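# Topology and contacts: notes
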Amino acid sequence: MENLLYIALFSPLVGSLFAALFAMSPKNIITGIVTSALLLISFIASAILFEHVMTVGAVHVTMMDWIMAGDMLIPFGFLVDQISVTMMVVVTLVSTVVHIYSIGYMDHDKSFNRFFSYLSAFVFSMMVLVMSDNFLGLFIGWEGVGVCSWLLIGFWYHKEDVSRDVNPSISPSWAANEAFIMNRIADLGMLIGIFILYWNTGSLQYDVVFAALPNLSDGILVAAAIALFVGAMGKSAQFPLHTWLTDAMEGPTPVSALIHAATMVTAGVFLIIRANPLYAMEAVEWVSYFIASLGTFVAIFAASMALVCRDLKRIIAFSTLSQLGYMFAAAGLGAYWIALFHLAAHAFFKALLFLGAGNVMHAMNDELDIFKMGGLKKVMRWTYLYMGLASLALSGIGIAGVGLAGYFSKDAIIETAFNEQNYILWIILIVTAGMTAFYSFRQVFLTFHGSKRYADTEIHPHDMYKYVLIAMSPLAILAVIAGFFKGWFEEFVTVLLPAYKMSEETHHIAWILGLVVIAFAVGGIVLAYIKYNKGLKRNEELENSLVYRLLSNQYYIPQLYDKIFSKPYAAFSRFSWLTLDQKIVDATVDGIGNMIKTGGDNTRKIQTGNLSDYLRWMARGVVLLVIVAFISHQLSQGAN
Amino acid sequence: MLEPISVSLESLNLITLSPMLIAIGGALLILLIDLFKDNLDKTMYVMLTMLILFIDIGATFSLNINERGFFDLMLVDGISVVSQLIILVTSLLFIPLALTASNNRFHEYSYPEYFALFLFMVAGLQFMVSTDNLILIFVGLETASLSLYTLIAMHNTKGSHEAAIKYFTMGAMAAGFFLMGSVVVYATTGSVELYEVAKILQSQGVDGLSSIIAPLGGAVLMLVAIGFKVSLFPFHMWTPDVYEGSSAPMAGYMSIVPKIAMIVVAMRFFGIYINLNIEAVSYLIIIVSVITMTLSNMMALVQKDVKRMLAYSSISHAGFVMAALALGTTKANSSIFLYYGLFMFTNLGAFAMLWISRHKAKRFHGRYDHPYEKFSGMISAHPIAAVIMAIFMLSLSGIPPFSVFWGKLYLISSVVDFSAATGESKYIVLAIIMVLNSAVAAYYYLKLIVYMFLKPPVNELNLVYTNKSLALATVIGFLVMATILSIFYVQPLMEFVTYLVSSSGY
């Protein structure tokens, strides 16, 4: 099993290095094939490990001693248990599909090989993140995915900056930097959390740390929980660190599917699930409650922005944000396994949705404005089917125990809120479910139904390559059937995670609760159908209303950040540079340099090139040495 | 009637002489070959010399440590072996640099005498380090020096003649000081054998000014002679001029081999004082070395010629090493040898890089062969050469993981350890001065990198590598690898050196 673990972990790295060999050379299809094949291997290894964990139990290996300094001993170890193996299977499965998809999608890109190198490097980092058996390894993976995400968002770094009115995310490189810097801020919190835990438990191994938790004081537990959650907020783009995620859509669409929907952004949720012994402590109860509340807030907050968004990918990004909110809500309420289940299910249908969006983009020559699309269902039959399915799954359509993936996972979260008798959260989550259905189908109808609004352009849309469409099918199948494994999955992960059972009463009225959710979801879809199926009828008055503009400008939060943080910080940097650095630090350094240089110029004068002078200097030197020797003698006598 | 002196051959322990005898025999062989057959190609002599050096290395390796021989004149101890190895390996790397691309450009190499003299010099240096008899040290020193003067002059340019004369004249004066120092030592102790001197000084006692004044005077005179060879301030004057005048590989060679030989002598001689706890001598050496490294660094900053800059830099490296010598601990002494062992690769490499770009006509500057401007924009014209040169420069400035970094690390840590062991905070000050000097030195090394990588070429004159040949490229390639990969061998090397040094009590 140990070998399988290493195969699962290192195949993506091998693929990445292999593709990197060709980084500077022109497109070579082999890089795509090899990296995809290696990921498939990784997936198969993960799947076998899954079976092993299920039947035998967790696998824990220590590869080598990593850091040994004083009392600090951190082995480089990996842990494959119920949580990590779930993540591994999800990550490798989605990555494999996305890799194959990218062979088609990146077909015409001149940096084809580089792309695959980055993409596989990302998968490797993600695997390190989920498989590590200690917080430091997790942090390495955490930073690794951050770097890869930066590389991939800024993949088309050559694009020029434009103003925010033209493109809200300015340029790929701007978006990449924004994502990276915002994550750095959050990572500081995460690091502090790790430090607190190390400082107080003397270890970074999960098992040791968690075993030591009951001995810690409440204050420390709360501090650690908050600090770690700050890290999770950055990576999972929770308010107020959420702006980077929608801007990250500047990256190629497969990247959005893999990193900014299915895997990396869920790392924050993963962290909370991983650290569930900490968050389940009584002392940090209110932190968990805060997490649930914030998650719920983000769910409706992001959904509201999606309602009016015109950008195909951004709508999906907002929906990702919203779904991450759901996951945090579940985790915060203590239903860790439900959060993990929604994480997995969401990964499938959200990746599918993004890949479908990629097909549309590919067909429409990178056009993203859904107001300029329409009527695509005839020419893009398969994509229509996939995106329709994914949207149904996202909306949580299903009834009486039969439904798509989202029906099972999202409903369970909403039910949890009810079960906790937290009716405010419950109502918000239900309303959000309705909004989710509305914006998902608004997007589907505007894209695929109605008239061809692109007719007056030169675009001739066509569906993606056959093999790409086939490669997407596993995700489509899973989006449909993943929900049926709910009971089985619960049994599997609750070996490790706390079992969360609905109370008797909740159980009784579960069908009513389900009906309410379905009613909202179907209501959303119907509303979207009425409004958009026939085509786009724009309503000037509505579009100019305050609420609409507030929503479509993301509540003016990016502008606000710009004013509050970026501009003053830039001003401060300029001040530091021009005044502090150039006038004080540089001047001091230059002064020392000049002093030494002047000294050199002066000393140089004794080097006349005249032999007699040299001999004279030797004689002087002897006298000098005698004097120095005498002084030294006196010094040493004085010292004794 | 005089008794016939009978000495058993066994008691002579001639094996201790074998390394020098091989070098001398080789030199004589070269002269004989020349006698019988003229106009042999220089390649033959280069290969022959290398072969002899190889055998010499083998003989050195086979020596038993801590043995005396030849009426106890010879002393084969750890520092003798390790310094001989440094001398021989450097020589082995130096000699193939004669194989420049064009056969007749540098005619010093077409004389077989050049190689014979070179081997005589090596033998002289080997004698210097393998004895603790002041007279034999002097003989070895003069054998080596006189050969060296000639070798420099054989470069046969105006500059090289000037350099040889300057070096010779000042060397003669230094030799005088060496003899005067020996005389003072002999006068106070009645012996020229250093181990005897140590015993007698110990029994005489060294307390009070009257008993110390004569030994101290001897030490001062010796320090002049040693300071001249090792190029300590203010006896370093010859160094830049001589380096500028001689061929680049010779300059690189001189910055290592004669110095390491003299450092061994210094270790033996001043070791006596340090063991007797005569702190005045330690202070004297430290003061001189601090002045040396500081002033030479300052002067290196304002040089316009890369070779002169390297000359001053080698002075400052020598000052660095001498500071550790004053401590007298095993770690300090081992670090010195390690330092030179690692410095050898880098410094010889840097000078060799100058060598392959040497052009007869001074195309870039009225006086200098290698002004900084010559290397402007080198990265675009000769990217690989520029990167190699940059690696050597980074190594010289002590940037990890290149070789000189490890040397500096061990050297400075030996100073810090000494400070911790003795509880004297002033040695921490010394360590700080050393670090600051390294920082200053980085400036002029990086200056060359700035010229190579960041400045546009000055004019249409391209830097040409006229002398580049496969042999030179091989040597430089080896030196580069040794510089880069030092991280992998520095630990075992240090252990080996420490073993040798500590086995003979230094």
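In this section: the overall build of chain B. In terms of regular secondary structure, chain B is built from 21 helices and two strands. Scored against the burial criterion, the 506 residues of chain B give a buried share of 63%. Expressed as a percentage of contacts within chain B between residues at least 6 apart in sequence, the contacts between residues at least 24 apart total 82%. Summing over all exposed atoms, chain B offers an accessible surface of approximately 17,600 Å²; the carbon and sulfur share of this is 69%.

Below, the discussion takes up the overall build of chain A. Counting its secondary structure elements, chain A contains 25 helices and four strands. Buried residues in chain A amount to 59% of all 640 residues. Put simply, chain A shows about 25,900 Å² of open surface, and 67% of that area lies on carbon and sulfur atoms.

Let us look at the packing of helix α5 (residues 112-129) of chain B against helix α6 (residues 134-153) of chain B. All names here are of chain B. Across the interface, α5 lies against α6 with an axial gap of 7 Å and an inter-helix angle of 155°. Put simply, α5 runs roughly antiparallel to α6. Here α5 and α6 pass one another in a crossing that is left-handed. Contacts from Y114, L117, F118, F120, M121, G124, L125, F127 and M128 of α5 reach α6 at L136, I137, G140, L141, T143, A144, S147, L148, T150 and L151. Of the residues in the contact of α5 with α6, the class split is 14 nonpolar, five polar and no charged.

The partner chain B presents 40 residues to the 28 residues of chain A that form the contact. Buried surface at the junction of chain A and chain B, summed over both partners, amounts to about 3,100 Å²; 79% is from carbon and sulfur atoms. At the boundary of chain A with chain B, the tally comes to zero salt bridges. In this assembly, chain A and chain B are joined by one residue pair in polar contact (both at pLDDT 80 or more). Listed by contribution, the elements that provide at least two residues to the side of chain A that touches chain B are α24 (557-604) and α25 (611-639) of chain A. Tallying contributions element by element places α25 of chain A first for the side of chain A that touches chain B, with 17 residues. In terms of residue class, the side of chain A that touches chain B is made up of 15 nonpolar, ten polar and three charged.

With that settled, the discussion passes to the packing of helix α2 (residues 18-36) of chain B against α5 of chain B. Residue and element names in this part refer to chain B. Running from N to C, α2 and α5 cross one another at 165°; their axes reach a closest spacing of 8 Å. Classified by the interaxial angle, the pair formed by α2 and α5 is roughly antiparallel. Considering how the two elements wind past one another, α2 and α5 form a crossing that is left-handed. Where α2 abuts α5, its residues P19, M20, A23, I24, G26, A27, L28, I30, L31 and D34 lie against P112, E113, F115, A116, L119, F120, A123, Q126 and F127. Tallied by class, the residues present in the contact of α2 with α5 amount to 15 nonpolar, two polar and two charged.

For the rest of this paragraph, the subject is the layout of surface pockets. Residue and element names in this part refer to chain A. In this structure, the largest pocket spans a volume of roughly 1,400 Å³. Surrounding the largest pocket, 50 residues form its lining, N167, P168, D311, R314 and L368 being those nearest its centre. When residues of the lining of the largest pocket are traced back to their parent elements, those giving at least two are α9 (243-247), α13 (285-308), α14 (312-332), α15 (336-363), α22 (540-543), α23 (546-552) and α24. When residues of the lining of the largest pocket are assigned to their parent elements, the largest contribution, four residues, is made by α23. Split into classes, the residues belonging to the lining of the largest pocket amount to 18 nonpolar, 14 polar and 18 charged.

Let us look at the environment of W488 of chain A. Residues and elements named next belong to chain A. The topology assignment puts W488 in helix α20 (residues 486-493). We classify W488 as partly exposed; its relative accessible area is 41%. Contacts of W488, omitting those with residues within four sequence positions, involve F50 and M54.

Once that is clear, we can look at unusual backbone geometry. Following F239 of chain A, the chain continues to P240 of chain A via a peptide bond in cis, the omega torsion being 5°. Mapped onto the elements, P240 of chain A comes out in the loop between α8 (218-235) and α9. Between P400 of chain B and the following residue, P401 of chain B, the backbone shows a cis peptide bond with an omega angle of 0°. Tracing the chain through its elements places P401 of chain B in the loop between α17 (383-396) and α18 (403-422). Unusually for a residue other than glycine, F71 of chain B sits at a positive phi of about 55°.

This part covers the confidence of the model for chain B. One rule of thumb: low pLDDT means the predicted coordinates there are not for detailed reading. Within chain B, residue pLDDT values average 87, and 97% of them lie at 70 or more. Here the complex is predicted with pTM 0.67, and the ipTM for its interfaces comes to 0.81.

Further remarks concern α8 of chain A. Residues and elements named next belong to chain A. Along its 18 residues, α8 runs 26 Å from first to last C-alpha, staying within 8% of the 26 Å computed at 1.5 Å per residue. Here α8 has its buried residues at L221, V222, A224, A225, A227, L228, F229, G231, A232, M233, G234 and K235. Taken from the residues just after α8, A237 is the one with a positive phi, measuring 55°.

Note that T266 of chain A resides in the loop between α10 (253-262) and α11 (267-274). Beyond its immediate sequence surroundings of up to four residues, T266 of chain A is in contact with M87, S236, A261, L324, M327 and L343 of chain A.

The next subject is α10 of chain A. Burial of α10 of chain A is extensive: ten of the ten residues sit out of reach of the surface. What α10 of chain A keeps buried is the set T253, P254, V255, S256, A257, L258, I259, H260, A261 and A262 of chain A.

So, on to the pattern of salt bridges. Residues and elements named next belong to chain A. By the definition in use, this model includes 17 salt bridges over all chains. Between E143 and R184 there is a salt bridge, with its nearest N and O atoms 2.1 Å apart. Here E143, found in helix α5 (residues 135-153), pairs with R184, found in helix α6 (residues 172-201); they are 41 residues apart in sequence, far enough to count as distant. For E143, a relative accessible area of 17% gives the class buried.

Quick notes on the rules
Residues numbered from 1 in each chain as written. Chains lettered and ligands numbered in written order. Predicted model: local features only at pLDDT ≥ 70, side-chain atom pairs only at ≥ 80, totals over all residues. Heavy atoms only, no water. Helix = DSSP H or I, 4+ residues; strand = E, 2+ residues; numbered from the N terminus. Buried < 20%, exposed > 50% of the residue type's maximum accessible area, 1.4 Å probe, protein only. Contact = heavy atoms within 4.5 Å. Areas by Shrake-Rupley, 256 points an atom, 1.4 Å probe, with all protein chains shown as cover. Axes fitted to C-alpha atoms, helices over the stretch in contact; angles between N-to-C directions. Parallel < 35°, antiparallel > 145°, perpendicular 65-115°, else oblique. Left-handed = near helix turned anticlockwise from the far one by under 90°. Nonpolar A, V, L, I, M, F, W, Y, C, P; charged D, E, K, R; others polar. Buried area = accessible area lost by both parts, 1.4 Å probe. Salt bridge = Lys/Arg side-chain N within 4 Å of Asp/Glu carboxyl O. Polar contact = N/O pair within 3.5 Å; in protein donor to acceptor, adjacent residues only side chain to side chain. 1 Å grid on protein atoms, 1.4 Å probe; cavity = no way out; pocket = protein on both sides within 12 Å on 5 of 7 lines; lining within 4 Å. Points joined across faces, edges and corners; volume = space filled by probe spheres on them. pLDDT = per-residue confidence, 0-100. Expected span 1.5 Å × (residues − 1).

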